[in-house]
Each structure stands twice: as C-alpha cells, then as structure tokens.
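Examining the three-dimensional arrangement
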Amino acid sequence: MQNNCIFCRIIAGEIPSATVYEDKDFKAIMDISPAARGHVIMLSKRHCENLLELDDGTAEKALLVARKLARALKAELNCDGINLLQNNGEAAGQTVFHFHLHLIPRYQGDRISLGWTPGAYGDGEAQALAAALAARL
Ligand code: 5GP
Ligand code: ZN
C-alpha cells in the first residue's frame, strides 16, 4: 500500500468506489470519468506501477478476471464490443501509476476514439526489429 496512491486508498476502503468485483488479487470498480457507460477499471490489489512490474501470479490471472468482467458487461449492457486498454507510462496515457486495466463497452457508431494513423516499415525493418526483440526474450 502506498499512501499517496489513489488506487491503494480505494483498495483499502479509504476512498469509496462502486465495486463490481473483488477477490484476493483484484478489485474492479466503475471508472469515475467513464469513456462510456459501464467503463470498468480492474486494479491489482498489490501496488505496482504498471504491467512491467506485475508479479507472475497476478499477471497470469489478470486476463481470466478481465474475461469474467467482459462477459458480465456484454450480458448486462448488450454492447457490440469491448476494448481492453492498459496504459504503461505517462507517454502511453497513464495517469494513475498503479497497475490497472480498462474495460470499455463499445457500440457501433459510438464516438470513442482509440485510433492511430497506420505507419509502415521499410524493407527488412520489421524482420530486423522482430529478431532484436526475440533476442531479448
Ligand atoms: P489511466 O489514464 O492511468 O490509464 O487511467 C486512470 C483512470 O482512473 C481514469 O480513467 C480515471 O477516470 C480513473 N480514476 C482516477 N481517479 C479515480 C477515482 O478516484 N475513482 C475511480 N473510480 N476512478 C478514478
Ligand atoms: Zn497503489
């Protein structure tokens, strides 16, 4: 628990939240400023800054909990789709530096924008980068 971390304080019950799901590793709550009705954020109970610092057990379980939440959102809202969004670092849009995963209900024609302008690789560039990354794994 980090005293200056808003998500740690929510997990500790010091700050109220609309809780959707809770187990020993995760707490899922309604986002206070939702991108869409039903926008849920899933917080790790243990404080860590982002995905890169997540322990193995929590990382392994995260997608199972996310799937459970996604199925509940689909059943309740009958949304057309759901985005999972997980920001790591300020440059990636992270504003709360405690691991969390967004689940955002989507509808055909909604006005939520998570897009980018597609880029392109030069000759051999993708292969070279793939090899460089593979060498680090
Ligand atoms: P990030 O930009 O770090 O990926 O997302 C942080 C999210 O946390 C934002 O969508 C923001 O609305 C949400 N958030 C920040 N403070 C609170 C809070 O006190 N309560 C709840 N429920 N959500 C919060
Ligand atoms: Zn925290």
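Before reading on, note that the structure itself is shown above.
Residues numbered from 1 in each chain as written. Chains lettered and ligands numbered in written order. Predicted model: local features only at pLDDT ≥ 70, side-chain atom pairs only at ≥ 80, totals over all residues. Heavy atoms only, no water.

1. Section: the coordination of the zinc ion (ligand 2)
- Binding of the zinc ion (ligand 2) to the protein goes through Cys5 (SG), Cys8 (SG), His47 (ND1) and His98 (ND1), at separations of 2.0 to 2.3 Å.
- Its four donor atoms give the zinc ion (ligand 2) angles of 105 to 117° at the centre, a pattern that matches the tetrahedral case.
- All donors of the zinc ion (ligand 2) come from a single chain, and their spacing in sequence reads C-x2-C-x38-H-x50-H. One end of the pair, His47, is in the loop between β3 (40-44) and α2 (56-77); the other, His98, is in the loop between β4 (81-85) and β5 (100-106), and 51 residues separate them in sequence.
- The exposure class assigned to His47 is partly exposed, which follows from its relative accessible area of 22%. (Donors = N, O, S within 2.8 Å, 3.2 Å for Na, K, Ca; no water. Tetrahedral: all angles 85-135°; square planar, octahedral: opposite > 155°, others 65-115°. Helix = DSSP H or I, 4+ residues; strand = E, 2+ residues; numbered from the N terminus. Buried < 20%, exposed > 50% of the residue type's maximum accessible area, 1.4 Å probe, protein only.)

2. Digging into the environment of Glu53
- Considering the arrangement of structural elements, one finds Glu53 in the loop between β3 and α2.
- Note on Glu53: relative accessible area 49%, which makes it partly exposed.
- With 45 residues separating them along the chain, Glu53 and His98 place their C-alpha atoms 9.9 Å apart.
- A distance of 3.3 Å separates a polar atom in the side chain of Glu53 from the backbone nitrogen of Glu49. (Polar contact = N/O pair within 3.5 Å; in protein donor to acceptor, adjacent residues only side chain to side chain.)

3. Observations concerning the site of ligand 1
- Ligand 1 sits among 16 residues. The nearest are Asp31, Gly93, Thr95, His100 and His102.
- One of the backbone nitrogen or oxygen atoms of Thr95 is found 2.7 Å away from an oxygen atom of ligand 1.
- Separating an oxygen atom of ligand 1 from a side-chain N or O atom of His100 is a distance of 2.8 Å.
- Here ligand 1 has 520 Å² of accessible area as a free molecule, and 84% of this is covered by the chains.
- Breaking the shell around ligand 1 down by element, the ones donating at least two residues are α1 (6-11), β2 (26-30) and β5.
- Among the elements that take part in the shell around ligand 1, α1 stands out by supplying three residues, more than any other.
- Tallied by class, the residues present in the shell around ligand 1 amount to eight nonpolar, seven polar and one charged. (Near = heavy atom within 4 Å. Areas by Shrake-Rupley, 256 points an atom, 1.4 Å probe, with all protein chains shown as cover. Nonpolar A, V, L, I, M, F, W, Y, C, P; charged D, E, K, R; others polar.)

4. Details of unusual backbone geometry
- Its identity is not glycine, yet Asn78 carries a phi of approximately 50°, on the positive side.
- Looking at where Asn78 falls in the secondary structure, it is placed in the loop between α2 and β4.

5. What about the sheet that holds β5?
- Sheet architecture is open: five strands sit in the order β1-β2-β3-β5-β4, paired in antiparallel fashion. Two strands close off the open sheet at either side, each with one partner strand: β1 (19-22) and β4. The sheet shows a mean angle of 20° between the axes of neighbouring strands, direction not considered. (Pairing = 2+ DSSP bridges. Axes fitted to C-alpha atoms, helices over the stretch in contact; angles between N-to-C directions.)

6. Regarding the pairing of β3
- Within β3, five of the five residues are buried, leaving the element largely enclosed by the surrounding structure.
- Where burial is concerned, the two faces of β3 agree: the one with Val40, Met42 and Ser44 and the one with Ile41 and Leu43 are both buried.
- As paired strands, β2 and β3 are joined by five bridges and run antiparallel to one another. Considered in β3, the bridge of Ile29 is made with Ile41.
- Across four bridges, β3 lies against β5 in antiparallel orientation. Bridge pairing links Met42 to Leu101 in β5.

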